[in-house]
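Examination of the molecular architecture
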Amino acid sequence: MTSLAMQRRRATAGRVWKQFRSSRSGMIGLGVLLLFVLMALAAPLLADVRELNPVYARAQGNPQWAPPSEFGPLGTDYIRRSVWAQFVWGSRVSLFVGLAATVLTILIGSVIGIIAGFVGGKPDAVLMRVTEWFLVVPFLPLAIVLASVLGRNVWNIIFVIGITSWPSTARLIRAQVLTVKQRLFVDRARSLGASGSHIVGQHILPNVMGLILANATLAVPISILTETTLAFLGLGDPSAASWGKTLEEAFVNGAMVRNAWWYFVPAGLGILAVVLAFTLIGRTLEEIANPRLSRAR
Amino acid sequence: MFNFFLFRVVQTDPIGSLFRGRNVPQETLENLRVAFGLDQPLGTQFLFYLRESAQLNFGISYQTRQPVWDEIVAAIPATVALVGVSAILSAVIGTIGGIIAAWRRNTWKDHSITSGTMVFYSMPDFWLGMILLVLFAVVLGWFPVGGVSTAGSGESGLALLIDQAYHMFLPALTLTLAYLGEYTLVTRSSLLDVMGEDYLTVARAKGLRDVAVRNRHAVPNALLPVVTLTAINFGFVLSGAIAVEAVFSWPGLGKLTADAIRGPDLPMLQALFLLFSAAVIVFNLIADLTYSWLDPRVEGQ
């Protein structure tokens, strides 16, 4: 019985992968994403972490505000640090915060969506009121307020993004759970004496998993862009410099007036590439999970 | 109400963080706490907050020592002008782009519009602003690097208006490009949904030209979600341009917010947050009303 279900699930995964491979934009997104993940993982091989330390950079005799033609692949900044090292090590922070915040978003959204959709009645009404309240409150100002009150630290940023961006996920999952709940196999399982948790775990969850996954992929861009904006406004973690933090330092220290494009162009391009990659992958997964969409294209 | 507790319960010591460990005599700190009413118990502070908010008295800014509300009122026109213009432009251009993309789907027009808007949609808006600023203001020198008008020129009337429009060009271009993508993608998918409907086949069978089918029959039905999106986005107009205003030193609510974060200037942030939330709630209501007015089918539900 279990092995049959396992087999069927493996077959589904194989089918999804086959469909995914036939989508050109999805594969481009996956390729770009893998490139950046490799860069983040191989950061110690690509750039010396000590290059991020201004004292070390000065001792090395690095020039100040050097364009790429004079120093390293990407030049130096106002305190002689290598911009390439900041780019490589910043990818770790940006990707990590983006992914961790998305996991939190999806976790909160799925739990609330499944409870509200499956239990129904009063808990549903209460949870949906809370969700609506979070939907109406302007997202970025709330994140800013929370971040400035909680303090500048990576985990706070992750918490802030997760706590402000779960409502749309919750609504989507709830709607899907409501339709799955009507299906005949749920009634059958219940008449065979299955408990609520068994039905959710064995019947509801597998049927909303595809949607959760597609939604998660589309939530990553929002998390990464929010982290970037928060860091740019000075709410980033000072000890873990993300791409957004690089942009903030470039802006505050006058890279724009000096036309030091090498300082702020790479970090922005990195964000653009990663966000675009996740969007392309997410849209492809969404089309697979919801075939009605691909027919329209 | 939530607003009050968010700021009070979680915050540590606003006066302490104001000076960030600089050497300030303990006595001065105590005097400041009394002056800002922070020595009172929490319940008293809350009642005081409710009464004062109802009278639009949000206290004194920790940073400038001016009444918070006066500073906000002074900053509103700049933001409404900048973000209002960008919101209208992006809605109009984005919708037209979406219509073209959907009507000519899977042609080079569709592909270039869709991928172009997705690229703008995927970059941080303030980074786009930084690039445009360096390119057009620093390198080419065509536009000013920031501010709302040329300082000390003493212009008035039409000349001042033109000067302000000239200063607004780059930030407005940034925001328009950044907002465009959402409208294009929503319009496109909504129109594609409509395009399979029977009444379009009927319209064609009547012998109507392609343009007439599109403009009279397809587009009006496809625009419903776009109208909702527009109304909701207008709610975010006031809070929409925080980082972009900071980049162009545009003296609006966004820059006020960005400056208040650096403090942190809590009374200022608190009042701004209240204002932003109120704007969203009002425009959500407007969105609901226009939707049921445009689509009578919603009324029954």
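Residues numbered from 1 in each chain as written. Chains lettered and ligands numbered in written order. Predicted model: local features only at pLDDT ≥ 70, side-chain atom pairs only at ≥ 80, totals over all residues.

**Quick notes on the overall build of chain A**
Helix and strand counts for chain A stand at 14 helices and zero strands. When the elements of chain A are put in sequence order from the N terminus, they spell out α-α-α-α-α-α-α-α-α-α-α-α-α-α. Dimensions of chain A along its principal axes, counting C-alpha atoms only, are 75 × 45 × 35 Å. Burial status across chain A gives 44% buried among its 297 residues. Of the contacts made within chain A by residues no fewer than 6 positions apart, 72% connect residues no fewer than 24 positions apart. (Helix = DSSP H or I, 4+ residues; strand = E, 2+ residues; numbered from the N terminus. Buried ≥ 20, exposed ≤ 12 C-beta atoms within 10 Å, placed from the backbone. Contact = placed C-beta atoms within 7 Å.)

**A few points about the overall build of chain B**
Scanning chain B from terminus to terminus reveals 14 helices and zero strands. Relative to its full complement of 301 residues, chain B shows a buried share of 37%. Across chain B, every contact between residues at least 6 apart in sequence was considered, and the portion connecting residues at least 24 apart equals 72%.

**Overview of helix H13 (residues 261-289) of chain A**
Helical geometry: 3.6 residues make up each α-helical turn, so side chains three or four residues apart lie on a common side. An ideal rise of 1.5 Å per residue puts 42 Å on 29 residues; H13(A) measures up with 42 Å between its terminal C-alpha atoms. Along H13(A), 22 of the 29 residues are buried, which leaves the element largely enclosed by surrounding structure. (Expected span 1.5 Å × (residues − 1).)

**Digging into the interface of chain B and chain A**
Each partner contributes to the interface: chain B provides 37 residues, whereas chain A provides 32 residues. With eight residues, the top contributor of residues to the side of chain B that touches chain A is helix H14 (residues 266-294) of chain B. Considering only residue class, the side of chain B that touches chain A consists of 28 nonpolar, seven polar and two charged. (Nonpolar A, V, L, I, M, F, W, Y, C, P; charged D, E, K, R; others polar.)

**Observations regarding the environment of B:Thr201**
Within the secondary structure layout, B:Thr201 lies in helix H9 (residues 198-205). When the C-alpha positions of B:Thr201 and B:Val213 are compared, they lie 9.2 Å apart, and in sequence the two are 12 residues distant.

**Regarding the nonpolar core**
One finds A:Ala143, A:Ile144, A:Leu233, B:Met130, B:Val247 and B:Leu272 to be the most contacted residues of the largest nonpolar core, which totals 140 residues. Per-element accounting of this core gives the leading share, 17 residues, to helix H11 (residues 196-235) of chain A. Ignoring any residue separated from it by four or fewer positions in sequence, one finds B:Val247 in contact with A:Phe251, B:Phe126, B:Gly129, B:Met130 and B:Leu133. (Core = buried A, V, L, I, M, F, W, Y, C linked by C-beta atoms within 7 Å.)

**As for helix H11 (residues 224-235) of chain B**
For H11(B), which comprises 12 residues, the first-to-last C-alpha distance of 17 Å matches the rise-based estimate of 16 Å (1.5 Å per residue) to within 8%. Residues of H11(B) that are buried include every one of B:Val226, B:Leu229, B:Thr230, B:Phe234 and B:Gly235, and no others.

**Looking at the environment of B:Ser112**
Relative to the helices and strands, B:Ser112 resides in helix H6 (residues 108-122). A sequence separation of 26 residues divides B:Ser112 from B:Val138, and the C-alpha atoms of the two residues are 29 Å apart.

**What about unusual backbone geometry?**
A positive phi angle, close to 35°, is found at B:Ser249, a residue other than glycine. Topologically, B:Ser249 is positioned in the loop between helix H12 (242-247) and helix H13 (253-262).

**Thoughts on the packing of H13(A) against H6(B)**
Geometry of a packed helix pair, given as the angle between the helix axes and the separation of the axes. Closest axis-to-axis distance for the H13(A)/H6(B) pair is 9 Å, and the angle between their directions is 125°. With respect to each other, H13(A) and H6(B) are oriented oblique. For H13(A) against H6(B), the interelement crossing comes out right-handed. Side by side, H13(A) and H6(B) meet where A:Leu272, A:Val275, A:Leu276 and A:Thr279 of the first sit next to B:Met118, B:Val119 and B:Ser122 of the second. (Axes fitted to C-alpha atoms, helices over the stretch in contact; angles between N-to-C directions. Parallel < 35°, antiparallel > 145°, perpendicular 65-115°, else oblique. Left-handed = near helix turned anticlockwise from the far one by under 90°.)

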